[in-house]
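Structural features, examined
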Amino acid sequence: MPLTPAPLPPLQAVRVFDAAARLKSFSRAADELGMTQAAVSYQIRQLEDRVGSPLFVRQPRGVSLTSTGRVFASKSAEALEILREAFAEARESLDATLVISVLATFATYVLGPRLGLFQIAHPRITTRIDVNHALVDLQAGEATVAIRAGGGQWDGLRADLLMRARYTPMLSPGLLKQFGPLKEPADILRLPFVDATDPSWENWFRAAGVSRADAAIRSGPSLGSQVLEAQAALAGHGVCLLTPAYFGDALRRGDLVQPFDIVSEDDMAIWLVYPKTRQNAPVIRAFRDWILEQMEEMRGSVEAADGPSAAE
């Protein structure tokens, strides 16, 4: 029959004893721990009652350890140090690993070009990107945080808004030369389309004042990601709806053309999400603060550069 282990003393009482033993004073221990001297004396009495023997000799100016106290002091100090090290290692193992589940387009055009800045600011955090459109289980630890598209409501998760879903048509200069000039939004209907089934086209034509009867969009490939759609547009295969914030560089270089300054929004948005129970974890706080700052800077640069490219 296994022996029943001896009961452990309260951790708070051990912490108080350790401080009093090191400092040889109840009052100095109270100052270090942010307690009253009476509370320190109470914790020591509780511990002495459990041990069954005095641990300190009370003196006019401070205290000294009894023989029993000296034995307990060496072991308790060692135990507390082991506990501190174990807690630090456990916390570091959690805080030093950041797994980001992220949508392909956001990873390609926002996170990838900027993540090095996060690593410079936080060199002790190991970051891993998981490009995934599936909803990973953050509560089960499949990722630390996720960047998702949606309405911002997920059970048990906190969601911070990163950007609204905004779209406008873009195409290659070569395709524009072939089918242009584009004088008004309805002229886009002359062009081949990339992902003609995208429901956001209807939103954009409505914002542009083109009736649904006129917006009988031709069929075209459905690629399911702005990363692939942009590549098709760059190759001159058709006009597609893209997010200006992602493709500002391509527009400035002239690789893509935005024929009109009409930008539509839908109900979707891009969010940073993470478990509410871990929202104060240092690694999550660090990434949240950094990505929100990056998105603010990106919004500023997009607003400064807003306006159509040449459409002639």
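Residues numbered from 1 in each chain as written. Predicted model: local features only at pLDDT ≥ 70, side-chain atom pairs only at ≥ 80, totals over all residues. Heavy atoms only, no water.

Concerning the pairing of strand β5 (residues 145-150)
The element β5 is extensively covered by neighbouring structure, given that 5 of its 6 residues are classed as buried. Relative to β5, strand β3 (residues 97-102) is paired through 3 bridges, and the arrangement is parallel. Bridge pairing links Ser101 to Ala146 in β5. In terms of strand pairing, β5 meets strand β8 (residues 264-275) through 5 bridges, oriented antiparallel. (Buried < 20%, exposed > 50% of the residue type's maximum accessible area, 1.4 Å probe, protein only. Helix = DSSP H or I, 4+ residues; strand = E, 2+ residues; numbered from the N terminus. Pairing = 2+ DSSP bridges.)

Description of the side chain of Ser200
Looking at where Ser200 falls in the secondary structure, it is placed in helix α7 (residues 200-207). Setting aside residues no more than four positions away along its own chain, Ser200 makes contact with Tyr167, Leu241, Ser264 and Asp266. (Contact = heavy atoms within 4.5 Å.)

Structural notes on the pairing of β3
Burial within β3 is extensive, with 5 of its 6 residues counted as buried. Of the strand pairs in this sheet, β3 and strand β4 (residues 126-131) are connected by 6 bridges, and their pairing is parallel. Paired with Val99 across the bridge in β4 is Arg128. Between the parallel pair β3 and β4, the chain is carried across by helix α5 (residues 104-121), and the sense of this crossover is right-handed. (Right-handed = clockwise from strand over helix to strand, strands pointing away.)

Focus: the pattern of salt bridges
For the structure on display, the rule yields 9 salt bridges. The residue Asp160 makes a salt bridge to Arg158 at a minimum N-O spacing of 3.3 Å. Note on Asp160: relative accessible area 10%, which makes it buried. For the salt bridge of Glu202 with Arg206, the shortest nitrogen-to-oxygen distance reads 3.3 Å. Of this pair, Glu202 and Arg206 are both found in helix α7, 4 residues apart, which corresponds to roughly one turn of the helix. (Salt bridge = Lys/Arg side-chain N within 4 Å of Asp/Glu carboxyl O.)

Observations concerning the nonpolar core
Within the largest apolar cluster, 42 residues are counted, with the highest numbers of intra-cluster contacts made by Phe106, Leu111, Ile147, Phe287 and Ile291. The contacts of Phe287, once residues within four sequence positions are left out, are Leu98, Ile100, Leu111, Leu115, Phe118, Val145 and Leu272. Leu171, Leu182, Trp204 and Leu241 belong to the second-largest nonpolar core, a separate cluster that totals 20 residues. (Core = buried A, V, L, I, M, F, W, Y, C linked by side-chain atoms within 4.5 Å.)

Concerning the sheet that holds β4
Pairing in this open sheet of 6 strands is mixed, and the strands run β4-β3-β5-β8-β6-β7 from one edge to the other. Only two strands of the sheet have a single neighbouring strand rather than two, namely β4 and β7 (240-242). Pairs of neighbouring strands in the sheet enclose a mean axial angle of 25°, with direction left out of account. The pairing of strand β6 (residues 157-170) with β8 spans 9 bridges and is classified as antiparallel. Bridge pairing links Arg166 to Glu265 in β8. Across the sheet, α7 is in contact with β6, β7 and β8; its angle to β8 comes to roughly 130°. (Axes fitted to C-alpha atoms, helices over the stretch in contact; angles between N-to-C directions.)

Things to note about the side chain of Glu229
In this fold, Glu229 is placed in helix α8 (residues 226-234). No salt bridge is formed by the buried Glu229; its nearest oppositely charged neighbour, Arg166, is found at 16 Å. Filtering out sequence-adjacent residues up to four positions away, Glu229 remains in contact with Val194, Asp195, Leu223, Gly224, Cys240, Leu241 and Leu242. (Lys, Arg positive; Asp, Glu negative; His and termini not counted.)

Quick notes on helix α2 (residues 26-33)
Along an α-helix, a turn takes 3.6 residues, which lines up residues three or four apart on a common side. Regarding α2, the residues found buried are Phe26, Ala29 and Ala30. Each buried residue of α2 sits inside an arc of 105° when the element is viewed along its axis, so together they form one side. Gly34 lies just past α2 and shows a positive phi near 70°. (Arc of directions from axis to C-beta.)

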